[in-house]
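# Chain and residue survey
Residues per chain, in single letters:
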Protein chains: 2
Amino acid sequence: MTNDVFGVTLRNKVKRGNKRAAYDKETVYGILDSHFLCHVAFEVDGAPHIIPTSHWRDGNKLYWHGSSKSFMIKHLSAGNAAAVSVTLLDGLVLARSAFNTSVNYRSVICYGTPELVTDDAVFDQQMERFFEMLAPGRWPQLRTMTATERKATGLLEMEIDTAAAKVRAAPPGDGDEADHPVWAGVVPLETVSRAKVDAPEGAQAPLNHDVFTAYNWKTI
Amino acid sequence: MTNDVFGVTLRNKVKRGNKRAAYDKETVYGILDSHFLCHVAFEVDGAPHIIPTSHWRDGNKLYWHGSSKSFMIKHLSAGNAAAVSVTLLDGLVLARSAFNTSVNYRSVICYGTPELVTDDAVFDQQMERFFEMLAPGRWPQLRTMTATERKATGLLEMEIDTAAAKVRAAPPGDGDEADHPVWAGVVPLETVSRAKVDAPEGAQAPLNHDVFTAYNWKTI
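Notes on the structure follow. Here the structure is a predicted model, which is why all the values come from computation and not from measurement.

## A closer look at the overall build of chain A
Secondary structure assignment for chain A yields four helices and 11 strands. Reported as C-alpha extents along the three principal axes, the dimensions of chain A are approximately 65 × 45 × 40 Å. Sorting the 220 residues of chain A into buried and exposed places 52% on the buried side. Excluding contacts between residues fewer than 6 apart, the proportion of contacts in chain A whose partners are at least 24 apart in sequence is 73%. Carbon and sulfur atoms provide 51% of the accessible area of chain A, an area that totals close to 9500 Å². Across chain A, the centroid of the 23 positively charged side chains sits 4 Å from that of the 26 negatively charged ones.

## Here we look at the packing of aromatic side chains
Between two aromatic rings, the relevant description is the distance of the centres plus the angle of the planes. Residues and elements named next belong to chain B. Under the definition given, this model contains 24 aromatic pairs over all chains. Ring geometry for F36 against Y215: centres 5.8 Å apart, planes inclined by 55°, an arrangement best described as tilted. Within this pair, whereas F36 is found in the loop between α1 (25-32) and β2 (37-44), its partner Y215 is found in the segment after β11 (197-198), the two being separated by 179 residues in sequence. Residue F36 shares its accessibility class with Y215, and that shared class is buried. Consider the rings of F36 and W217, whose centres lie 5.9 Å apart with planes at 55°: the pair is tilted. Of this pair, F36 sits in the loop between α1 and β2 while W217 sits in the segment after β11, and the two are 181 residues apart along the sequence.

## Regarding the interface of chain B and chain A
The interface is formed by 90 residues belonging to chain B together with 91 residues belonging to chain A. Buried surface at the junction of chain B and chain A, summed over both partners, amounts to about 7500 Å²; 67% is from carbon and sulfur atoms. Taken together, the links from chain B to chain A amount to six salt bridges. E190(A) is the partner of R194(B) in a salt bridge, and the nearest nitrogen-oxygen pair spans 2.7 Å. Our enumeration of links across chain B and chain A arrives at 33 residue pairs in polar contact (both at pLDDT 80 or more). Contributions of two or more residues to the side of chain B that touches chain A are made by β2, β3 (47-58), β5 (82-94), β6 (102-112), α3 (120-134), α4 (147-152), β10 (185-193) and β11 of chain B. A breakdown of the residues in the side of chain B that touches chain A according to their chemical character gives 52 nonpolar, 22 polar and 16 charged.

## Some remarks on helix α3 (residues 120-134) of chain A
Helical geometry: 3.6 residues make up each α-helical turn, so side chains three or four residues apart lie on a common side. Compared with the 21 Å implied by 1.5 Å per residue over 15 residues, the 21 Å span of α3(A) between its first and last C-alpha is a close match. Taken as a whole, α3(A) has its buried residues at F123(A), Q126(A), M127(A), F130(A), F131(A), M133(A) and L134(A). Buried residues along α3(A) cover an arc of 155° about the axis, so they all sit on one side. On its buried side, α3(A) packs onto β3 (47-58), β4 (61-67), α4 (147-152) and β8 (153-159) of chain A together with β5 of chain B. One side-chain oxygen at the N-terminal end of α3(A) lies 2.8 Å from the backbone nitrogen of A121(A); it belongs to D119(A).

## Points about the pairing of β3(A)
Residue and element names in this part refer to chain A. Within β3, 10 of the 12 residues are buried, which leaves it mostly tucked inside the rest of the structure. With eight bridges connecting them, strand β2 (residues 37-44) and β3 associate as antiparallel partners. For L37, the partnering residue across the bridge sits in β3 and is S54. Counting the residues in the hairpin turn of β2 and β3 gives two residues, including D45, whose phi is positive at 50°. Pairing of β3 with β4 involves four bridges; the strand directions are antiparallel. Note on β4: the bridge partner recorded for H55 is W64. Between β3 and β4, which pair antiparallel one after the other, the connecting turn spans two residues, and G59 there sits at a positive phi close to 60°.

## As for the relation of the copies chain B and chain A
Once chain B is rotated about the relating axis by 180° and shifted along it by 0.0 Å, it coincides with chain A to within an RMSD of 0.0 Å. Put plainly, the chains are arranged around a two-fold axis. Rotation axis and chain B: the residue whose C-alpha lies nearest the axis is T191(B), separated from it by 2.3 Å. Most of the interface of chain B is mirrored in chain A, where 100% of its interface residues are also at the interface.

## Describing the pairing of strand β9 (residues 162-168) of chain B
Residue and element names in this part refer to chain B. Burial runs high along β9: five of the seven residues are buried. One ladder, built from two bridges, connects strand β1 (residues 21-22) with β9; its direction is antiparallel. Residue pairing across strands places A21 opposite K166, the latter belonging to β9. Pairing geometry for β6 and β9, over seven bridges, is antiparallel. Counted as the bridge partner of C110 is A163 from β9.

## Brief notes about a positive patch on the surface
There is a patch of like positive charges on the surface, built from R16(A), K69(B), K74(B) and K151(B). With respect to the helices, strands and loops of the structure, K69(B) is situated in the loop between β4 (61-67) and α2 (71-77). Of the residues examined, K69(B) reaches a relative accessible area of 58% and is grouped as exposed.

## Some thoughts on the environment of E190(B)
Counting through the fold element by element, E190(B) comes out in strand β10. For the pair E190(B) and L94(B), spaced 96 residues apart in the sequence, the C-alpha separation amounts to 17 Å. Setting aside residues no more than four positions away along its own chain, E190(B) makes contact with E190(A), T191(A), V192(A), R194(A) and K218(B). Within the local environment of E190(B), its side chain forms a polar contact with the side chain of R194(A), the two groups lying 2.7 Å apart.

Conventions used here
Residues numbered from 1 in each chain as written. Chains lettered and ligands numbered in written order. Predicted model: local features only at pLDDT ≥ 70, side-chain atom pairs only at ≥ 80, totals over all residues. Heavy atoms only, no water. Helix = DSSP H or I, 4+ residues; strand = E, 2+ residues; numbered from the N terminus. Buried < 20%, exposed > 50% of the residue type's maximum accessible area, 1.4 Å probe, protein only. Contact = heavy atoms within 4.5 Å. Areas by Shrake-Rupley, 256 points an atom, 1.4 Å probe, with all protein chains shown as cover. Lys, Arg positive; Asp, Glu negative; His and termini not counted. Charge placed at Lys NZ, Arg CZ, Asp CG, Glu CD. Phe/Tyr/Trp six-rings, centres within 6.5 Å; stacked < 30°, edge-to-face > 60°. Buried area = accessible area lost by both parts, 1.4 Å probe. Salt bridge = Lys/Arg side-chain N within 4 Å of Asp/Glu carboxyl O. Polar contact = N/O pair within 3.5 Å; in protein donor to acceptor, adjacent residues only side chain to side chain. Nonpolar A, V, L, I, M, F, W, Y, C, P; charged D, E, K, R; others polar. Expected span 1.5 Å × (residues − 1). Arc of directions from axis to C-beta. Pairing = 2+ DSSP bridges. Least-squares fit on C-alpha atoms with pLDDT ≥ 70 in both. Patch = residues over 30% accessible without salt bridge, like charges linked within 9 Å, V, L, I, M, F, W, Y side chains within 5 Å.

What follows is the structure, encoded as structure tokens:
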């Protein structure tokens, strides 16, 4: 189905390492949903800017938020384009040569023009959605958002105009040089969570919900 | 010493959350040296682009490489500016309200205009330096780089014109609402490495050097 693949344009076409490229929505969405850390690039007076922030996805829309007075939120609410990247590093690939040394990773780059969410219902629904990714069941336990807090929060919504994923998940590519006397293989990398640390004022209730379920991060 | 702090300009000034900002080189360099994953933003015909890649640092210069034919390497060799971000996520900060929910992190944004390294001695020295970060002692064990491989590798060097770090490393900021009956605290996040996986052709030698020493990632 054409619908299930992002169109390939000059903008999102992966030129180098194109065997690692994927444009299907299942792959792109899967990577976007595997972490909450993204980097947002935008342009101001011809100069590149970049900011790390937290994102989440609903259908073909990406969301992120910040102070409504932040430069990024104001700039991107004004019709300026953004490029958003989510990258997961899965391992270091140690080959027999420097040239073949690589990393295993899953990355996505999305292009679009964000808009400020002004509908209160969408705002609530999306904030809850973000919490459901981070910590399912926590949203209703929180102290309710005040009108002032709501006003101070700028939520951006970006329809993903086009996107490209790039994935490497393989051993070293230089098996033909396997007689070179150096260890070769992959050192896997992973994000894990550690035991929770109670707030210094003391926790008023146990942590009675999961954390990071959506991301499958193990607690060690 | 003035030398040890990046000048604050309109470009790198942290406007929101400026209590978390740092401009001293020790902090900026420390964060740049804590991971090899960075995101590079640049502008093409007024549109923002972003690419994840691997970086390292030498003094006040950032380095990253790619195929010499890649669009990014060619574009950034031609005098175009870049903004480079390195972000380490240290934990999810679960506060009593959505508004105070946050993350602990260390991030740096660097601005500059990269140049292509054309000096073979600098090329060798910097490639070895990168390997010393990733896997100290491995460089001399590798099959030597060929002339073709060298030609196919584009190494960029970017003098850091200015930079800003932003760090949050604290419990939830809403201790004044500690009577709200929800668990509050921090869930720490960490990058770890897993047991190495030998190449399918078989390892010709044991892994007789460290990996990730510079980054202090534990193996679990």
